[in-house]
Amino acid sequence: MATYDFVFSSLGLDDWCAEGKSNAPMSMAQLLSKSKGEETTDVSIWELPFPSMDALNKACPAFPQSRELTKGLEEGFLAVKDGLSVVLDPVTQPLSWALDGALYAMLSAPWWIIIPILMAVVFLVSKSWKLVAFVALSFSGLAFIDYYEYAMQTLAIIFVCAFLCVLLGVPIGIAMSRSDNLQRGMIPILDMLQTLPPFVYLIPLIFLFSVTESKLYGIAIILYAIVPVVRLTNLGIRLVDKDVIEAADAFGMTARQKLYKVQIPLALPNIMAGVNQTIMMSLAMVVIASLVSAPGLGVLVLRGIRNLELGVGLVSGLGIVILAVILDRVTKASLARINAAQKQ
Amino acid sequence: MTKNVKISIKNLYKIFGPTPDVGLEYVRRGMDKAELLEKQNHVLGLRDINVDMQDGEITVIMGLSGSGKSTLIRHLNRLIEPTDGEIRIDGEDIMGYNEQQLRTLRRERMSMVFQKFALLPHKTVLENAGMAKNIRGYTTSDFEADARKWLARVGLEGNENQYPHELSGGMQQRVGIARALVSDAPIMLMDEAFSALDPLIRSDMQDLLLELQEELQKTIVFITHDLDEALKLADHLVILKDGEVVQQGDPQEILLNPGDPYIVDFISDINRARVLRVRSVMAQRDNGDTSFAGDISENDNLESVLLKSEGDMTLRFRVVRDGEHIGTLQMTDLARALVPTAASTERNKNAA
């Protein structure tokens, strides 16, 4: 005898209820109550349960339990998984190659080539000797305490993922800036990607791809980090001075000329701010992605947590901070140079 | 000398709002701007505009803000599409142009100068000047000589490799003018081109424009809210109010015979002696008398004649054009032309 018996009896569904039997996994509480042979008795109004799936199931065994909802979702996902993999696997395979290639290149080249190359890149982008010295010092320090290899793995993953984020994110942002409808559709998706807890990305990806494949963490990082570059490209192009756009029209620019000669150059400060954010977010995600076999400093952090190796955890955490500072300063320095060149 | 009509606007209407066609019908039946906004929630931009702009002349369109002057100039290159009406350039109806033809028109036959300069901040002065050519597919080396020539002509020699933000407002607008000149287009649209500049620089720029016009004889459409500027530059003056043409014609003519209280109000504050010219107030040649105090040109303004006469109202001057005697100016006629129009005295009384 359950609280909501009357619902089914008044609807004349008693027969249907009697036929069915929920086949959801049994919970511990149910098992206990069953073994004790307790019968639910009439409850006072204070203890009236919400007419939830479970409460209704008590009244009518044919009614599904809430556990069946999550189970159904899981089964549904597993059912489409194979079909999805057939499409997604080949499409995302280049990501695996890119990540494996970058990791191989960064690790197989000797340190006395990689560090100077990184210094040269920093100088080209920022034109600041102070920053170059900081980078040289940081990497030498990390190498000295034998964290060089981990730092390079992290860096390689960030390079590949941030590059792909820009490659995909800028065109998406441009498309959004041109169509209000697309913008309306994209903003909820971007909001969701940005607010979804990072761990949640990993769950469906683990089902879709093998944990041994590097594209698993690559996709997780890209999904998480692509948002700012898309948003800021869209915003930057929408904020381009209307007068300059009008001048471009008045002198007869085509849509393509306008995009390449006016909109992208004038939106560049905003786009670069997006790239900076994207790089910082991929760094944040690469640590979490070590849960699904992403190599690098995150693995050491994880080891620190799992084995309670306090020192390893702290030092690798510091290494991540140093990488973050370097990446942030270098992208900000290049952003400052672009800003200086196009003050209005 | 008869001139050709370069740009001809006929029965042009522009109504802003969700259903302009409905608004147009109401406007045609005589609804005015305020009523249209209140009852139909549509904004009347332009109503029944008919203007002919002559080849090689400066046509000035003057009006206060909200009078529709900026809307009107944007119809000439179809940055704004009209609700109804006809725009002919060199006799061709540009409303029938497809996208390609319209682009060619904007690239090769028209150039535009903007109030806020609208230069590309990431390009040098030289590249900005050559923008129109660059859009047509020329490279910097193709237009460099041309761009340098025009930059020098507008007084920017030596600034070629600077960026716009390194220049003052006046210099930036010189780049804007050079950009329009480098395009070699016969028509120049100038949208409040000098309004953002301070008065001294504005006066310099007006002189520069007149000087260039003397040499180039382009068809210039100039928008302004400043009557002094309009009178200084205009060969043909069009006065707009609430989207309608109140009066148009020779600026001297408008000044002497204002057709509307609105215009009378407008012209009451200007220095008539400086704006009016001898040709507008002189009498026909009079063979009987030969005692003249001196020769003056038909294009002198009355202020310079006053200066020459030293205030003596009994004098008369011989008016000459290219050394030929074409008329006579009595100082009393001059004084009569300087009498302000009635409405302005009334307004002065009210103010006092």
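Residues numbered from 1 in each chain as written. Chains lettered and ligands numbered in written order. Predicted model: local features only at pLDDT ≥ 70, side-chain atom pairs only at ≥ 80, totals over all residues. Heavy atoms only, no water.

**Student:** Explain the side chain of B:Gln173 here, please?
**Tutor:** As for its placement among the helices and strands, B:Gln173 is situated in helix 8 (residues 169-182). Reaching out from B:Gln173, the side chain makes a polar contact with the backbone oxygen of B:Phe114 at a distance of 2.7 Å. (Helix = DSSP H or I, 4+ residues; strand = E, 2+ residues; numbered from the N terminus. Polar contact = N/O pair within 3.5 Å; in protein donor to acceptor, adjacent residues only side chain to side chain.)

**Student:** Got a minute to help me understand the packing of helix 12 (residues 242-250) of chain A against helix 13 (residues 255-288) of chain A in this structure?
**Tutor:** Angle between the axes and distance between the axes are the two parameters that describe a pair of packed helices. All names here are of chain A. Look at helix 12 against helix 13: their axes get within 11 Å of each other, and the N-to-C directions meet at 170°. The pairing of helix 12 with helix 13 is recorded here as roughly antiparallel in orientation. Along the contact surface, helix 12 presents Val244, Ile245, Ala248 and Asp249, while helix 13 presents Lys258, Val262, Gln263 and Leu266. Across the contact of helix 12 with helix 13, the residue classes break down as five nonpolar, one polar and two charged. (Axes fitted to C-alpha atoms, helices over the stretch in contact; angles between N-to-C directions. Parallel < 35°, antiparallel > 145°, perpendicular 65-115°, else oblique. Contact = heavy atoms within 4.5 Å. Nonpolar A, V, L, I, M, F, W, Y, C, P; charged D, E, K, R; others polar.)

**Student:** Whenever I open this one, helix 9 (residues 199-216) of chain B confuses me. Can you help?
**Tutor:** All names here are of chain B. Spanning 18 residues, helix 9 covers 25 Å between terminal C-alpha atoms, matching the ideal 26 Å at 1.5 Å per step. Among all positions of helix 9, only Arg202, Met205, Gln206, Leu208, Leu209, Leu212 and Gln213 are buried. All buried residues of helix 9 fall inside an arc of 165° around its axis, so they share one side. Counted as exposed and oriented over 90 degrees from the buried face of helix 9: Leu200 and Glu214. Packing partners of the buried residues in helix 9 comprise strand 3 (58-62), helix 7 (140-153), helix 8, strand 7 (187-191), strand 8 (219-224) and helix 10 (227-233). Positive phi shows up at glutamine 217, right after helix 9, with a value of about 50°. (Expected span 1.5 Å × (residues − 1). Buried < 20%, exposed > 50% of the residue type's maximum accessible area, 1.4 Å probe, protein only. Arc of directions from axis to C-beta.)

**Student:** Would you explain the layout of surface pockets in this entry?
**Tutor:** Using a probe with the size of a water molecule, rolled over the atoms, empty space left in the structure can be pinpointed. Residues and elements named next belong to chain B. In this model, the second largest pocket occupies a volume close to 610 Å³. Leu233, Ala234, Asp235, Arg279 and Asn299 are the residues nearest the centre of the second largest pocket, which is lined by 20 residues in total. Broken down by secondary-structure element, the contributors of at least two residues to the lining of the second largest pocket are helix 9, helix 10 and helix 11 (251-256). Class assignment of the residues belonging to the lining of the second largest pocket gives a composition of seven nonpolar, five polar and eight charged. (1 Å grid on protein atoms, 1.4 Å probe; cavity = no way out; pocket = protein on both sides within 12 Å on 5 of 7 lines; lining within 4 Å. Points joined across faces, edges and corners; volume = space filled by probe spheres on them.)

**Student:** Would you take a moment to explain empty space enclosed by the protein for this structure?
**Tutor:** Residue and element names in this part refer to chain B. Evaluation of the coordinates by the stated rule reveals one cavity of 30 Å³ or more. Estimates place the volume of the largest cavity at around 40 Å³. Per element, the largest residue contribution to the lining of the largest cavity is four residues, and it comes from helix 9. Of the residues assigned to the lining of the largest cavity, the class counts are six nonpolar, one polar and one charged.

**Student:** Looking at this model, I keep getting lost on the sheet that holds strand 6 (residues 110-113) of chain B. Mind explaining?
**Tutor:** Hydrogen bonds between backbone atoms are what pair the strands of a sheet, whose relative direction is either parallel or antiparallel. All names here are of chain B. The sheet built from six strands is open, its strands ordered 6-7-8-3-9-10 with mixed pairing. The outermost strands of the open sheet, each flanked by one partner alone, are strand 6 and strand 10 (244-249). If you compare each strand with its neighbour and ignore which way they point, the axes differ by 15° on average. Two strands pair when backbone bridges link them, and strand 3 and strand 8 are joined in this way by five bridges, in the parallel orientation. (Pairing = 2+ DSSP bridges.)

Just geometry here; none of it tells us what the structure is for.
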